[in-house]
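What the coordinates show
Residue strings, one per chain:
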Amino acid sequence: MNYLQWNNVISEYFFNSANVGKYIHLYLTKNDIVNIARRYFTDGTEEKIWTDFITSIKRGIPGSTGNIIAKAKYAYDKRNLVKIDSIEIKYPPYIAYLVFIVLPLIEGVENTYGTNNYYDRLNRFLRNNQINEIIGTNDFRNNQINYLWSDLGNWANFKNNGDLGLFKVVPFTNTNWIYVGKVFSQCVLPPKFLNRLPELFEYIGLVPDTFYEDRFLQEKIKNSRTDLIPKSTLDFLKKDDELSNSIIQTIQRQYRKWTGETHEEIEEGTTLRKKRNYIVAPLFLQFKVNTNDEEIKFSYRMYSSNDYPEDLKFDDYGNLYEINGWSKTLPLNFKEGLELKDNFNKWIAKFPDRDVRLFVSAGTQQLSNDFWIETDVLSKTDRMFLLCKNGKQKAIEDWGKTFSSGNFKKEDFEGLPENYSLFWFRNPTQGLSEISILTLYTEKRIELVGGLKVSFRTYTNDFLPEVEIVNSDGNEKVYLQYKGTDEKIFLSKKSSLNNRWLLPGKTAIDADFYIKAENENFAGNELAYNLASSDNTALKVDGSKLPKRNSFGRNIITDAEQYCLGSNIVNPTKPSKRVFCPLSWIFASTNQETTTTVSTAVFNNHGGNNLCNFLSLKGMLTTEEFFKAFEFYFSKEFSITENINLTKLKRASLNFYDFIGILDYDYETKNIVLNPPQFIFIPTTQGRKVLLIGARDTALIQIIIEKAPSHNLQVEITKQFSSNERLLLPDVITIKAFGTSSENYGERNLKALADELQIKFSNDYFPQLALQDFSANIADYESTLQETNENDYGWARYVFNPDTLKFEKSETANFDKSFSLLEYKLNEYTYQHKLWKDNKCYQVDMNWGRFVALKHFNKNEILFDNTSQKVAIPVAMPLPRLLSESIMLLSGLAPDFKEINGKKYRVYENVIGIFTQNLFRLKLGQTAINTIL
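This report concerns the structure included in the present document.

Next up on the list: the packing of helix 19 (residues 698–707) against helix 20 (residues 747–757). At a minimum axis separation of 11 Å, helix 19 and helix 20 run at an interaxial angle of 135°. The orientation of helix 19 relative to helix 20 falls into the category oblique. Handedness of the helix 19/helix 20 crossing: right-handed. Listed contacts from helix 20 to Ile703, Ile704 and Lys707 of helix 19 are Leu753, Glu756 and Leu757. Across the contact of helix 19 with helix 20, the residue classes break down as four nonpolar, no polar and two charged.

What follows is the structure, encoded as structure tokens:
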């Protein structure tokens, strides 16, 4: 490959959509470079690929002359070209040279030089690779090498708005570091070290979402005595210079992103396993004040950006999660150094010891305004409380003398901890330098808060985010400015918060805009934000992204003649094809239905429909993204009560979204892919009726409602069962056709509407029957079980109890290996299921596995009402994927929740003639129990 081809390959490795919003370090080893390019060398050895790379560096861009630094500058000068010799310049053409000049600090040079000796290392590296040049400071200076670093930051952060990754340009002023400091800053924190920083944070006793001074953090790491830190990095940290400061700033950025997880990655050949370690979360002190009785009452909340385990429990306190990462109130007495531990789930909540604590209204965190909750930030504008140990009381009182009259006072409430003092204040004019938490920061920063993110800098437009200026003085004149325009649209301030401003209700969609403050320039000014609408996104959903599945519902990558794709079977069997189907009369009745009037349906955007809009906008997302969106819309409609377990609701909702045909969810890979919109026949006693499945958005529903009457079609909108209201499921959209037999019962009208809207219409086969026919049976499943690694890597273990039908905590060292169905959990969206049978361990699907266990224990749990054509499945025993979907697509309704004889069931309706007792026996080994439902 020539230089530009190498530059494109290396640049794409660093800057791509998967790295959106992430900081990039130009760190590559020789092996990394070889592996990145290997696919372009069909018969190349490692040495041949490496030699090709070195040759390209020597040659550079056509027309370049001089040494490699001069050639790097020449590449920089060509950065605005679109093509050179027919090769497209996709990235800044100097990136490969920047990577190359970092390599001497990583590869191939004996460790005989001083820690900060760069040029000797560089020249030795050049000689080792047959580049006969000697490079020094003058080469970097004369070729203005710092321009390359600055331009890369500008290209990544501003021109591309971080959409391909962010690049931090570290400024150095010391003459010893002004050029080489930027090189060192790329490699003093190797990727493996960055990946293991969470382990280091836990090892040195840090707690997430807590303020730590740079100097404190540096000393903690220097004195940690652990092999988690590379020696070279430790050597740099022991110095007090610009490079050590840049290292600490990088570690601080990583710390601020730390969620508290400390799981360890273990390499087993080509497989990367995760060993479960503790998750650390901070406890925040909070209090209520009764001003009438002059009493104060303390309690705690835990905060974690990780999803709480649904069975997380600290002592007697369970069902802990409330909203937005916050736990419900923990009514525990004040105690410095308090720690709460759940050893089964491996969660630990810590309350760090502090001399001084600040409190702000809990309403700022979307919690109850009755509370004041701990914060790390001294606000210039908010009313605040300060709790301090009496040893700091004098310093605080002296600081209080700097406040304006009436803005600072000491409180004397009943219930204060012994040897502590409490102060109320507002509008500080200066900080207190000897107490770091009382630093009054002058550097301001713009953030968008309160909205729902679609991506790194894009938010949905249905609930607009608010503009927050961190360290605001409350007097800023904040405005919105669209990219490429000069017009300033000034924002109105939010009345309840002095540092918040509101975006205009008519902010343009899909238009980049900046948020700025008049006559001020600070962090966040340069990032272009964007609003996205879900309207008209459903029809753009790409069905080719759906995974192929076999008859067991497993993801397959090999070619197959017949497979499941979304809610469809490719090459379905004859019995599900309309012309051969003996049950076609259920879907295509010969009883005609005529009507004289068609009414206009009314569609409301409640939480479930809004969530469905968001999913269509995304098209593809992760489990974590679904959970965050669910919680966002849930908080807009419901309040959290003591008996609501939000963690369980999120998981149940996602499963139902899968089975009602909206999306494909793979719980093993944690990937979610939306199905394209589609009309399918559903059972009806007269005429024809179709169900809309797949992605949908409000605009699509409205145009269906608008266009249907012109085709003599009736749109019907049905809410999900009230028992499922909190699952935020979308309304069921069905379309009824009318007509005589000569008019094909209105079927031609349905096809005309589908054609007009460009929605797929499956009128030649019945997906519900195809899914059922394609689904394997339990004997087939058992015969294909494959043995797997029995190592549990410390994940939380649950064992299936056939009497309660639940996975229950298994905390003993041993379990019955003659037969046990086990669930292992790393976190709330990462699971594994294993079946032990005859002392052998098998990988198993969780839903098939449950029925394998019931078969083993000879237990029948499915209820069947032959008269009303209803089926009741225990809540804890969802059907395997294909069967679940086939039964729910008969109506589009998630099954109703009912308690029958003291047990919880999901009751499915409209299963006329499809799901029979014989089917359950053949497919699942279950003899359905006849009963009245």
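Turning to the environment of Phe100, a few remarks are in order. As for its placement among the helices and strands, Phe100 is situated in helix 5 (residues 95–102). Once residues lying within four places of it in the same chain are set aside, the contact partners of Phe100 are Phe53, Ile54, Ile57, Ile68, Phe125, Leu126 and Ile131.

A few words now on a negative patch on the surface. A cluster of like negative charges, contributed by Asp293, Glu294, Glu295, Asp412 and Glu414, occupies part of the molecular surface. With respect to the element layout, Glu295 can be found in strand 6 (residues 295–302). Relative accessible area serves as the criterion here: at 39%, Glu295 is assigned to the partly exposed category.

Moving on: the pattern of salt bridges. In total, this model carries 48 salt bridges according to the counting rule given. When the shortest N-O distance is used, the salt bridge between Arg215 and Asp240 registers 3.5 Å. Here Arg215, found in helix 11 (residues 214–222), pairs with Asp240, found in the loop between helix 12 (231–237) and helix 13 (242–257); they are 25 residues apart in sequence, far enough to count as distant. You can call Arg215 partly exposed: its relative accessible area is 42%. On the basis of relative accessibility, which here comes to 62%, the residue Asp240 falls in the exposed class. Of the charged contacts, one joins Lys401 and Asp398 as a salt bridge, the two residues approaching to 3.5 Å between their closest N and O atoms. Judged by its relative accessible area of 67%, Lys401 falls in the exposed class. Overlapping salt bridges bring together Glu336, Arg354, Arg357, Glu374 and Asp376 as one network.

Before going further, it helps to spend a moment on the environment of Arg124. Relative to the helices and strands, Arg124 resides in helix 6 (residues 119–128). Assessed through its relative accessible area of 27%, Arg124 is described here as partly exposed. A sequence separation of 589 residues divides Arg124 from Leu713, and the C-alpha atoms of the two residues are 79 Å apart.

To continue, consider the packing of aromatic side chains. Per the counting criterion, the structure on display carries 62 aromatic pairs. With a centroid separation of 6.3 Å and an interplanar angle of 50°, the aromatic rings of Tyr76 and Tyr147 are classed as tilted. One end of the pair, Tyr76, is in helix 4 (residues 68–77); the other, Tyr147, is in helix 8 (residues 146–159), with 71 residues separating them in the sequence. Judged by relative accessible area, which is 43%, Tyr147 ranks as partly exposed. When the ring centre of Tyr514 is taken as origin, the NZ or CZ atom of Lys516, which lies over that ring, is 5.3 Å away. The ring of Trp836 has Lys817 lying over it, and the distance from NZ or CZ to the ring centre is 4.6 Å.

Parameters at a glance
- Residues numbered from 1 in each chain as written.
- Predicted model: local features only at pLDDT ≥ 70, side-chain atom pairs only at ≥ 80, totals over all residues.
- Heavy atoms only, no water.
- Axes fitted to C-alpha atoms, helices over the stretch in contact; angles between N-to-C directions.
- Helix = DSSP H or I, 4+ residues; strand = E, 2+ residues; numbered from the N terminus.
- Parallel < 35°, antiparallel > 145°, perpendicular 65-115°, else oblique.
- Left-handed = near helix turned anticlockwise from the far one by under 90°.
- Contact = heavy atoms within 4.5 Å.
- Nonpolar A, V, L, I, M, F, W, Y, C, P; charged D, E, K, R; others polar.
- Patch = residues over 30% accessible without salt bridge, like charges linked within 9 Å, V, L, I, M, F, W, Y side chains within 5 Å.
- Areas by Shrake-Rupley, 256 points an atom, 1.4 Å probe, with all protein chains shown as cover.
- Salt bridge = Lys/Arg side-chain N within 4 Å of Asp/Glu carboxyl O.
- Lys, Arg positive; Asp, Glu negative; His and termini not counted.
- Charge placed at Lys NZ, Arg CZ, Asp CG, Glu CD.
- Buried < 20%, exposed > 50% of the residue type's maximum accessible area, 1.4 Å probe, protein only.
- Phe/Tyr/Trp six-rings, centres within 6.5 Å; stacked < 30°, edge-to-face > 60°.
- Lys NZ or Arg CZ within 6 Å of the ring centre and 35° of its normal.

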